[in-house]
Each structure stands twice: as C-alpha cells, then as structure tokens.
Amino acid sequence: MMEARSVDDIPRGPEWQYEPKWDGFRCLLIRSGDEVELWSKSGQSLGRYFPDLIASALELKAARFVLDGEIVVPQDGGFSFDDLLQRIHPAASRVKKLAAETPALLLVFDLLADPRDGQLAAQPMSERRPALEAFAKAQFKGHPTFRLSPAVTDIKVAAKWLAQAGGGCDGVIAKRIDLPYQSGNRDGMQKIKHYRSADCVIGGFRYASAKLKGRDVVGSLLLGLYDDEGRLNHVGFTSGLKQAEKPALTEKLEKLIGGKGFTGNAPGGPSRWSTDRSAQWQPLKPKLVVEVCYDHVSAGRFRHGTSLLRWRPDKAPTQCTMDQLEQKSADPMKLLKG
C-alpha cells in the first residue's frame, strides 16, 4: 500500500495531483468473483467489521477489481471517527447492529486492477486516475456506499481544502502523476496537515514510568478547557517534555497538587480512552496555562497527543475555553460532489 511522507507545505509543479486527506481507515478492497476482502494499511483483515461494505462490493457489476480508498462513517454533516472506531468490536451482533445504524462509505482514490487490466498498479497515476473515473462512472451509480474521491491539479483548490480542514477531511494528499503505484515506500505521495494551537489549563499530570536519577518526575501534562457551565473538561495531554527540565517542573507541579483537577470530564472516566493507567494521575489546582499544537479534535478532545509550544503566564485559566476548538470546515459530502 502506498505510504505518504509528511511535509510542511503543499508541493508545486505539473507532476503533482492533489486530493483531500480523509480521516478514516485506509483500506484495500479486493474482489475476485464472489469473494471480497478488506485489508488495512497494517495488513489486518477488516472484512468482519464492515459487512455492509462487503455486501455492497458484491452488488457491483464488475467481478474483479482492486480499489484503494478510505473507510468513513457519515454523521452530523461530517465523518465521525468515533463511530468508525465503534465498528472494531469483537461481537458480530454488535457489528451488524452498527452497520445498520451507521453504514460506512468507501471513498475511492485509486484503482489498481479492473476486469480489463489486472496490472493497473504498474501504470502511472496519469493513467490510473482516468481509469478510476471511468470505473466509478460505470460501477458506482446506484451504489451510494462507494464515492469517488476528488482530485485536482490546481494548487489553489488544494490550499482551500487545507484551510478548511475538519469534519472528516484533515489535510491534503499530493501524489506524483508520473509514477506507478509506490507500494511500501513514500516516494510518490506526500501529506500536508493543518495544525492549530489552543491555550489549555493544566488540570493534572502523570508521573513518568521511569525514575530520573532516583526520583519520580513528570511524564505528561493533562490538559483542560472550560465549558459554558464553567466546568474544566479533560481534553488531552502533552508529553514532549525536555528531560533536563523535568525535575524543576515536577517540583512546581507538586506544589499545586490538590482539589479535583477536572470538574467536568476527567481522566479515567468511562470512555474508549480509559485504561488501567488512566486513574494514575495527580489533580492540580487550575493555575497553569500552556499553549499546545494539535492536529485534530474528536468528540470534544484532542485525538492525538499534542506538542507543547510555550507556557502562558500571561493567560488567565478562565480564558481557556472550549470554543477555541470550534472551526469552520468544509462539508466533506460536498467535496465528494465537487
């Protein structure tokens, strides 16, 4: 499967094609007669979690093809990564129920084989893309489970996608149109994500798993934002702390231990992020503010760990509110029609 190299800026030049970077599960869908397989980027089978995609693939007229795309779940005008994650469930009855309640889509951006050419992957993108568009026109009509992911060569359109990232589109993918499918390397594809920053209250911290010079030191800072009711909600963490600064920072934090830390959603509460280690945190009085860099928000919290940009002693903790995470983003379904 093609891999992308992370870069800071959208590459320019006639050799590049641009696509939205969808926020879902990357997937190869392979149909051979009455057999359909779904494979993740890590080589894991996804078929049992998405029986709706299997059934829809068997309804297409073509009996043999290989599609490269992204599995997403539409919800509330965007694509919900949380609902997508719920599909990875061990109980078949639960998966079947979710498939009916929150059916998935496959956003298709490459065609590696079709009934006429089983070796399309060896052709450059400049030939694979027209082949994919022709395949989609002939096969996807009347099958809303499959959508053709848009592609352009206009960098201005790509820049607009990047500026409006959110709601299921979290950046831009740039692909070389002069190269064949680059399976297993990053030479033919680059990804550009839109990073944002937010000022957050430190509502608690966790000690590092390993001691430093025989003493416990901070491992990660737990971040909080205030909601409209004045409750401090846990929204994520940052752990990129410099080793040399940890002893002094630990002393500073330990002086503030006390209180509830978070008065709204707290670490260790019932959620899909909970682990045995989630409860092992120290609550702090809400005195310290940091600015962090993040890439994506899901269900009111940072999806991934954040990067610590700077301390904000000039910022009052009460100024750190949830509305910082609000963003204007493009409707991903409209992008699919464009």
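Since the model is a prediction, treat every value here as computed from it, not as a measurement.

Undergrad: An account of the overall build of the protein chain is needed here, citing residue identities and associated values.
TA: Each helix and strand in the protein chain was counted, giving seven helices and 19 strands. Summarising its shape, the C-alpha atoms of the protein chain cover approximately 70 × 50 × 40 Å along the three principal directions. A burial count over the protein chain gives 49% of its 338 residues as buried. Carbon and sulfur atoms make up 50% of the accessible area of the protein chain, which amounts to about 16,700 Å² in all. Placing the 49 positive and 41 negative side-chain charges of the protein chain at their respective mean positions leaves the two points 3 Å apart.

Undergrad: So what's going on with the sheet that holds strand S8 (residues 105–113)? Which residues, and what values?
TA: Strand order across the open sheet formed by five strands is S4-S3-S5-S8-S9, with mixed pairing between neighbours. The open sheet has two edge strands with one neighbour each: strand S4 (35–40) and strand S9 (146–148). Taking each pair of neighbouring strands and ignoring which way they run, the sheet shows an average axis angle of 35°.

Undergrad: Run through the pattern of salt bridges, naming residues and quoting values.
TA: Evaluation of the coordinates by the stated rule reveals 22 salt bridges. Linking Glu3 and Arg186 is a salt bridge whose minimum nitrogen-to-oxygen distance equals 3.9 Å. With Glu3 in the segment before strand S1 (5–6) and Arg186 in the loop between strand S10 (169–176) and strand S11 (189–193), this pair connects stretches of sequence that are 183 residues apart. Given a relative accessible area of 39%, Arg186 falls into the partly exposed group. A salt bridge links Asp199 to Arg312; the nearest nitrogen and oxygen atoms lie 3.4 Å apart. One end of the pair, Asp199, is in strand S12 (residues 196–207); the other, Arg312, is in the loop between strand S19 (307–311) and helix H7 (332–337), with 113 residues separating them in the sequence. Arg312 matches Asp199 in its accessibility class, with the two residues each being buried. Through salt bridges with shared partners, a single ionic network connects Asp199, Glu291, Arg310, Arg312 and Lys315.

Undergrad: Residue-level account of empty space enclosed by the protein, with values.
TA: Tallied over the entire structure, the rule returns one cavity of 30 Å³ or more. The calculated volume of the largest cavity comes to roughly 40 Å³. Split by residue class, the lining of the largest cavity holds four nonpolar, two polar and three charged.

Undergrad: Give me the lowdown on helix H4 (residues 125–139), citing residues and values where you can.
TA: It helps to recall that an α-helix has 3.6 residues per turn; residues three or four apart then point in one direction. Its 15 residues place the ends of H4 20 Å apart at the C-alpha level, agreeing with the 21 Å of an ideal helix rising 1.5 Å per residue. By the burial criterion, the buried members of H4 are Met125, Arg128, Arg129, Ala131, Leu132, Phe135, Ala136 and Gln139. Looking straight down H4, one finds that the buried residues subtend no more than 165° of arc, so they occupy a single side. Those residues of H4 hidden inside the fold are in contact with strand S2 (16–22), strand S5 (64–72), S8, S9 and S10.

Undergrad: Explain the nonpolar core residue by residue, including any values.
TA: Ranked by internal contacts, the top residues of the largest apolar core, which has 31 residues, are Leu29, Phe50, Leu67, Ile71, Leu106 and Phe146. Counting residues per element, the ones that place at least two in this core are strand S3 (25–32), S4, helix H1 (51–59), S5, helix H2 (81–86), S8 and H4. The residues touching Phe50, leaving out its near neighbours within four places in the chain, are Phe25, Leu38, Ile71, Leu84, Arg87, Ile88 and Ala104.

Undergrad: I'd like a rundown of helix H3 (residues 92–101), residues and numbers included.
TA: Residues Val95, Leu98 and Ala99 constitute the buried set of H3. Summarising the axial view, the buried residues of H3 lie within an arc of 105°, below the 170-degree limit, and thus occupy one face. Residues of H3 that are exposed and point more than 90 degrees away from the buried face comprise Ser93, Lys96 and Ala100. Those residues of H3 hidden inside the fold are in contact with H1 and H2.

Undergrad: Break down the environment of Trp39 for me, with residues and values.
TA: Of note, Trp39 is situated in strand S4. Using a relative accessible area of 29% as the deciding quantity, one classes Trp39 as partly exposed. Among residues more than four places away in sequence, those in contact with Trp39 are Met1, Arg26, Cys27, Leu28, Ile30, Gln44, Ser45 and Leu46. Here Glu37 takes part through its side chain, which lies 2.9 Å from a polar atom of the side chain of Trp39.

Undergrad: Which residues make up the packing of aromatic side chains, and what values go with them?
TA: Enumeration according to the criterion identifies nine aromatic pairs in this entry. A ring pair is formed by Phe25 and Phe81, whose centres lie 5.8 Å apart and whose planes are at 90°; its orientation type is edge-to-face. Linking Phe25 in strand S3 with Phe81 in helix H2, this pair joins segments that are 56 residues apart in sequence. Classification of Phe25 by relative accessible area gives buried; the value is 14%.

Undergrad: Requested: an account of the sheet that holds S2, with residues and values cited.
TA: Pairing between the strands of a sheet is mediated by backbone hydrogen bonds and can be parallel or antiparallel. Spatially, the four strands line up as an open sheet ordered S1-S11-S10-S2, and their pairing is mixed. The sheet is open, and its two edges are formed by S1 and S2, each paired on a single side. Examined bridge by bridge, S10 and S11 share five bridges and lie antiparallel to one another. Bridge assignment links Gly171 to a residue of S11, and that residue is Lys193. Each of S2, S10 and S11 touches helix H5 (residues 155–163); the most contacted strand, S2, lies at about 15° to it.

Quick notes on the rules
Residues numbered from 1 in each chain as written. Predicted model: local features only at pLDDT ≥ 70, side-chain atom pairs only at ≥ 80, totals over all residues. Heavy atoms only, no water. Helix = DSSP H or I, 4+ residues; strand = E, 2+ residues; numbered from the N terminus. Buried < 20%, exposed > 50% of the residue type's maximum accessible area, 1.4 Å probe, protein only. Areas by Shrake-Rupley, 256 points an atom, 1.4 Å probe, with all protein chains shown as cover. Lys, Arg positive; Asp, Glu negative; His and termini not counted. Charge placed at Lys NZ, Arg CZ, Asp CG, Glu CD. Pairing = 2+ DSSP bridges. Axes fitted to C-alpha atoms, helices over the stretch in contact; angles between N-to-C directions. Salt bridge = Lys/Arg side-chain N within 4 Å of Asp/Glu carboxyl O. 1 Å grid on protein atoms, 1.4 Å probe; cavity = no way out; pocket = protein on both sides within 12 Å on 5 of 7 lines; lining within 4 Å. Points joined across faces, edges and corners; volume = space filled by probe spheres on them. Nonpolar A, V, L, I, M, F, W, Y, C, P; charged D, E, K, R; others polar. Expected span 1.5 Å × (residues − 1). Arc of directions from axis to C-beta. Contact = heavy atoms within 4.5 Å. Core = buried A, V, L, I, M, F, W, Y, C linked by side-chain atoms within 4.5 Å. Polar contact = N/O pair within 3.5 Å; in protein donor to acceptor, adjacent residues only side chain to side chain. Phe/Tyr/Trp six-rings, centres within 6.5 Å; stacked < 30°, edge-to-face > 60°.

Remember, this is a structural readout, not a statement about activity or role.
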